[in-house]
Amino acid sequence: MLEVHKAVFPVAGIDTRFLPATKASPKEMLPVIDKPLIQYAVEEAIAAGITELIFVTGRGKRVIEDHFDESYEVEHVLKARGKQCLVDLVHSITPPEVKCIYVRQAEPLGLGHAVLCAEKLIGDEPFAVLLADDLLDGQPPVLAQMVHLFSHYDSSVLAVEEFESYDASSHGVVGGQHWDERVISVSSIVEKPSPEAALSSFGAAGRYVLMPSIFEHLHSLKPAANEEIQLTLAIHSMLKDEQVLAYEFVGKRYDCGTKLGYLQATVDFALRHAEVHDAFGTWLRERVRGMQPDPGVQPQAH
Ligand code: G1P
């Protein structure tokens, strides 16, 4: 049975949707309450049994390395102030058995190219890819659900979610046969089609468990018109030789690459955050009540 020990986090991309917040700091470090997006993705990977985290970084992304590194200064100050639980909190960000490796993507040539940058570090093993701006909330964590399916079928697995028809152009869209309620045997995948050209209403949701054969397909691709190498095209090319599964995961996806998704994640996570859920819930209910007409009051005729 094949096991998955390595995960790739493509974090080199420049974000324009959150400017000016992301002018000098990486979008992956935007916090949802008190944790950066990249940490949610890392925790999901660790919960799926991943022990080697490979970050494909670029210019201006050094702070991600600092985040997953020891911080002697912060720990020293916290210890001196007697805040042991905060020392433990910052210390536990990366458990000792987990290794972080950083590799640079010198030019922004697409998701497929980012994955290729990790090729030497992956070698001949299956691996996961996690896009941190998709915050996936599931129990068990979504990547763990996928690794489970992967080890059952020894086939690459893509997380998918059903989307609204107008949303096709922001997803890699999958076509294929449903094997059961949640598993689709993929026959085609197209990157961001027009709504009319979409093969189905199932879109890739930023989590992949891939066989190492993906690298051959990435190498054989011609770059797209914008010079990018698309992961979706390499997956499509893989279908000639092997089975690929799409998995409709149990959980919720927040598209934190958009302001709306980011706000939805913030509200939902705040409503169950140990420190603020009570006060925030009360405030939010009052706020919403203030926005709606009171059902007990009849509108006055003028
Ligand atoms: C990427 C992938 C796309 C996938 C999406 C999920 O696009 O290329 O296939 O559906 O992530 O978030 P991006 O959002 O980076 O443009």
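These numbers were taken from a predicted model, which means no experiment stands behind them.

**Structural notes on the overall build of the chain**
The helix and strand tally for the chain stands at 11 helices and 13 strands. The C-alpha radius of gyration of the chain comes to 21 Å, within 12% of the 19 Å expected for a compact globule of 302 residues. Relative to its 302 residues, the chain shows a buried fraction of 47%. Look at the contacts in the chain between residues 6 or more apart in sequence, and 75% of them connect residues 24 or more apart. For the chain, the exposed surface amounts to about 16300 Å²; the carbon and sulfur share of it is 54%.

**Structural notes on the pairing of strand 9 (residues 172-178)**
When strand 9 meets strand 10 (residues 183-191), the two strands line up antiparallel, connected through seven bridges. Opposite glycine 172, over in strand 10, you have glutamate 191 as the bridge partner. Taking the residues that link successive antiparallel strands as the turn, the strand 9-strand 10 hairpin has four residues.

**Brief notes about the pattern of salt bridges**
Tallied over the full model, the rule gives 12 salt bridges. Of the charged contacts, one joins lysine 27 and aspartate 133 as a salt bridge, the two residues approaching to 2.9 Å between their closest N and O atoms. One end of the pair, lysine 27, is in the loop between strand 1 (6-10) and strand 2 (31-32); the other, aspartate 133, is in the loop between strand 6 (127-130) and strand 7 (134-137), and 106 residues separate them in sequence. Accessibility expressed as a relative area gives 16% for lysine 27, which makes it buried. Given the relative accessible area of 17%, aspartate 133 is considered buried. In this structure, the salt-bridge partner of glutamate 52 is lysine 99, at a minimum N-O distance of 3.8 Å. Here glutamate 52, found in strand 4 (residues 52-57), pairs with lysine 99, found in strand 5 (residues 99-104); they are 47 residues apart in sequence, far enough to count as distant. One salt-bridge network, in which partners are shared between bridges, spans Lys6, Glu52, Lys99 and Glu125.

**A word on the environment of histidine 217**
Mapping histidine 217 onto the fold places it in helix 8 (residues 214-220). Its relative accessible area of 5% is what places histidine 217 among the buried residues. Measuring from C-alpha to C-alpha, the distance between histidine 217 and glycine 175 comes to 19 Å, with 42 residues separating the pair along the chain. Sequence-distant contacts of histidine 217, defined by excluding residues within four places in its chain, comprise Ala234, Ser237, Met238 and Asp241. At 2.7 Å, the side chain of histidine 217 and the side chain of serine 237 are in polar contact. A polar contact of 3.4 Å, which involves the side chain of histidine 217, links it to the side chain of aspartate 241.

**Some points on the site of the ligand**
Taken together, Leu131, Asp134, His171, Gly172, Glu191, Lys192, Ala204, Gly206, Tyr208, Thr232 and Arg253 make up the full set of residues near the ligand. In this structure, glutamate 191 approaches the ligand through a side-chain N or O atom, which is 2.6 Å from an oxygen atom. Lysine 192 places a polar side-chain atom, nitrogen or oxygen, 2.6 Å from an oxygen atom of the ligand. Taken by itself the ligand offers 380 Å² of open surface, and the protein chains cover 77% of this. In terms of residues, the shell around the ligand owes the most to one element, strand 11 (residues 202-210), which gives three residues. When its residues are assigned to classes, the shell around the ligand shows three nonpolar, four polar and four charged.

Conventions used here
- Along every chain, residues carry numbers that run from 1 in the direction the sequence is written.
- Reporting in this predicted model follows two pLDDT cut-offs: at least 70 for local features of residues, and 80 or more for side-chain atom pairs to be given and counted; totals over whole chains, interfaces and linings ignore these cut-offs and use all residues.
- Heavy atoms throughout the structure, all of them, feed into the side-chain values; hydrogens and water do not.
- Strands are runs of DSSP state E lasting at least 2 residues, helices are runs of H or I lasting at least 4, and numbering of each runs from the N terminus.
- We take the radius of gyration over the C-alpha atoms and set the globule estimate at 2.2 Å times the residue count to the 0.38 power.
- With a 1.4 Å probe rolled over the protein chains alone, any residue whose accessible area is under 20% of its type maximum counts as buried; one over 50% counts as exposed, and the rest are partly exposed.
- What makes two residues a contact is simply this: any of their non-hydrogen atoms within 4.5 Å.
- Values of accessible area rely on a 1.4 Å probe in the Shrake-Rupley scheme; residue burial ignores everything except the protein chains shown.
- The pairing criterion is simple: DSSP has to find at least two bridges between the two strands.
- Take a side-chain nitrogen of Lys or Arg and a carboxyl oxygen of Asp or Glu: if they are within 4 Å of each other, that pair is a salt bridge.
- Each polar contact in these results corresponds to two N or O atoms within 3.5 Å; when the atoms are within protein, one needs to be able to donate a hydrogen and the other to accept it, and residues that are neighboring in sequence are counted only if both atoms are side-chain atoms.
- Throughout this document, a residue counts as near a molecule or strand when at least one of its heavy atoms sits within 4 Å of that molecule or strand.
- In this classification, the charged set is Asp, Glu, Lys and Arg, the nonpolar set is Ala, Val, Leu, Ile, Met, Phe, Trp, Tyr, Cys and Pro, and all remaining amino acids, among them Gly, are polar.

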